[in-house]
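Listed below, chain by chain, are the residues.
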There are 2 protein chains.
Amino acid sequence: MSREGSRPDTAARAPRESPWRASRERLRDRQVKREAVIRAAAHAFNRKGYHNTSLDDIAAALEVSKPTVYYYVSNKEQLLFECFVAGIEPIRAAFREVRPLKEPARNRLKAVLRHYGQAVASEFGWCMVRAEDQDLSPAMSGHIKALKSEIDQGIRRLLREGVQDGSIHSCDPKMTAFALAGALNWIAHWYRESQTLSGAQIAEAFITVFESGLMPRSGAENTRTARRMSVRLAR
Amino acid sequence: MSREGSRPDTAARAPRESPWRASRERLRDRQVKREAVIRAAAHAFNRKGYHNTSLDDIAAALEVSKPTVYYYVSNKEQLLFECFVAGIEPIRAAFREVRPLKEPARNRLKAVLRHYGQAVASEFGWCMVRAEDQDLSPAMSGHIKALKSEIDQGIRRLLREGVQDGSIHSCDPKMTAFALAGALNWIAHWYRESQTLSGAQIAEAFITVFESGLMPRSGAENTRTARRMSVRLAR
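The sections below set out a description of the structure shown in this document. Predicted model only: the values in this text are computed from it and were never measured. (Residues numbered from 1 in each chain as written. Chains lettered and ligands numbered in written order. Predicted model: local features only at pLDDT ≥ 70, side-chain atom pairs only at ≥ 80, totals over all residues. Heavy atoms only, no water.)

Points about the pattern of salt bridges
All names here are of chain A. Applying the stated criterion across every chain, the model contains 26 salt bridges over all chains. Here D29 makes a salt bridge to K33, at a shortest N to O gap of 3.1 Å. Separated by four residues within a single helix, D29 and K33 lie in helix α2 (residues 19-48), roughly one turn from each other. On the accessibility criterion, D29 (37% relative accessible area) is partly exposed. Overlapping salt bridges, with partners in common, bring together E89, R92, R96 and E150 in one network. (Salt bridge = Lys/Arg side-chain N within 4 Å of Asp/Glu carboxyl O. Helix = DSSP H or I, 4+ residues; strand = E, 2+ residues; numbered from the N terminus. Buried < 20%, exposed > 50% of the residue type's maximum accessible area, 1.4 Å probe, protein only.)

Here is the structure:
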């Protein structure tokens, strides 16, 4: 049946959308605005540091009042936590994504590290790697520690699985996880968006280093020569 | 000729050391005290952060007056710089030490990275990796950047030499240097002296990861299986 014709006059004057749809849109609108607040906070923390940033700065950057900011988050500490979560969530999602795959663990680990590198090079990288340094309430600090530990344990688990399935060289999972995560975390110290390489490209370059190691794999003759020449250097 | 006997009486009453030796000892004494000031500063910066530490705190820790501290350094900024230098100097020394050696570059690089890891796990580690984050004068900041760049360029040079002499797998020297230094720098974020492993042991464990990489080197059958199973994961 066409809209014109038999439809009563009242229906023509009513808003097109159902009240439920309007409510869903309001929710979505709130979500979009909340994300804008978090993004503005991440930007300000990156640029001025956590302690030098006020909620007034964030409100000013968004051209809204401070009470508007308070409508989305209860305080600056929560804002830092939300930035931390925004950065770390894609890594948690990557763990969930690779869990059911029948891939060798090294490939699953690489997929996670790829997301990890990209997250640290994102605007949330600073908050991800520096949040814990700030003076946070014990509860908040505990929250952050727990999330970081989840990621660390996830990497160690994939390393252990890789050693078991033969896709990863025998290693100390704890130290290896620290080395991998450390290299990636450090990206937040030097990466600027103006860089020629994207976050994804840097993650990829790092994964190549982690995967292959410094020791040559082909040109075995060179390696043997290098080994013959090798004398243990004084430590 | 024995000391007793023909020596005149005046000589017997004079101090045993020559005035030059006394002067050398005063210099050494000043050096020892200066190092104690720098070490106390490193300890305070580690514990409370640079901005929360005053020269009064450092004087109190040494049980001396603030003017005594000023006798050794001109301000807090210089103290941070001296801590930075104290941390980074053993790495510069390692570069000098390996330069004339006829070792393959991978071994020379490993010797440098060993010192690097130990330095970052030392009490000066915090200052080494965080100094640049503080609000420093442009001159001081420039000094620190120049020293960091020297280390970075030194690592890249050894990587290039290693690729040339066949002791290092073909790689992007810049990205590889960032990955190696990043992993080592990050030690300062998590290492506490209470740790079971010493700084040297951690450096050694990291070097094993860097050198071998994640991909297995022996058990080629496993590797081939892993490669066969491998499908490119969605990025």
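As for the side chain of R108 of chain B
Residue and element names in this part refer to chain B. Structurally, R108 can be placed in helix α6 (residues 105-120). Owing to a relative accessible area of 9%, R108 belongs among the buried residues under this scheme. In this structure the side chain of R108 is engaged in a polar contact, spanning 2.8 Å, whose partner is the side chain of E161. (Polar contact = N/O pair within 3.5 Å; in protein donor to acceptor, adjacent residues only side chain to side chain.)

Describing the relation of the copies chain A and chain B
You can overlay chain A on chain B at an RMSD of 0.1 Å; the transform is a turn of 180° with a shift of 0.0 Å along its axis. What the rotation and shift describe, once combined, is the action of a two-fold rotation axis. In this assembly, 100% of the residues forming the interface of chain A have copies in chain B that are likewise at the interface, indicating an isologous arrangement. (Least-squares fit on C-alpha atoms with pLDDT ≥ 70 in both. Contact = heavy atoms within 4.5 Å.)

Observations concerning the interface of chain A and chain B
In this assembly, 52 residues from chain A lie in contact with 52 residues from chain B. Counting the contacts that link chain A with chain B gives zero salt bridges. Counting the contacts that link chain A with chain B gives 14 residue pairs in polar contact (both at pLDDT 80 or more). Counting only elements with at least two residues in the side of chain A that touches chain B, the list comes to α6 (105-120), α7 (125-130), α9 (173-190), α10 (199-212) and α11 (220-229) of chain A. Broken down by element, the side of chain A that touches chain B gets its largest block of residues, eleven residues, from α9 of chain A. Looking at the side of chain A that touches chain B residue by residue, the class counts come to 27 nonpolar, 14 polar and eleven charged. (Nonpolar A, V, L, I, M, F, W, Y, C, P; charged D, E, K, R; others polar.)

Focus: the packing of helix α5 (residues 76-98) of chain A against helix α8 (residues 138-165) of chain A
Residues and elements named next belong to chain A. It is at 11 Å that the axes of α5 and α8 come closest, and there the two elements cross at 15°. Compared by their axis directions, α5 and α8 come out roughly parallel. As for the relative orientation of α5 and α8, their crossing is left-handed in sense. Touching E77, Q78, F81, F84, V85, I88, I91, R92 and F95 of α5 are M140, H143, I144, L147, K148, E150, I151, G154, I155 and L158, all from α8. Considered class by class, the residues forming the contact of α5 with α8 number twelve nonpolar, three polar and four charged. (Axes fitted to C-alpha atoms, helices over the stretch in contact; angles between N-to-C directions. Parallel < 35°, antiparallel > 145°, perpendicular 65-115°, else oblique. Left-handed = near helix turned anticlockwise from the far one by under 90°.)

Structural notes on helix α2 (residues 19-48) of chain B
Residue and element names in this part refer to chain B. Between its terminal C-alpha atoms α2 stretches 43 Å, which fits the 44 Å expected from 30 residues at 1.5 Å a residue. Packed against the buried residues of α2 are α3 (55-62), α4 (66-72), α5 (76-98) and α7 (125-130). Positive phi shows up at G49, right after α2, with a value of about 85°. (Expected span 1.5 Å × (residues − 1).)

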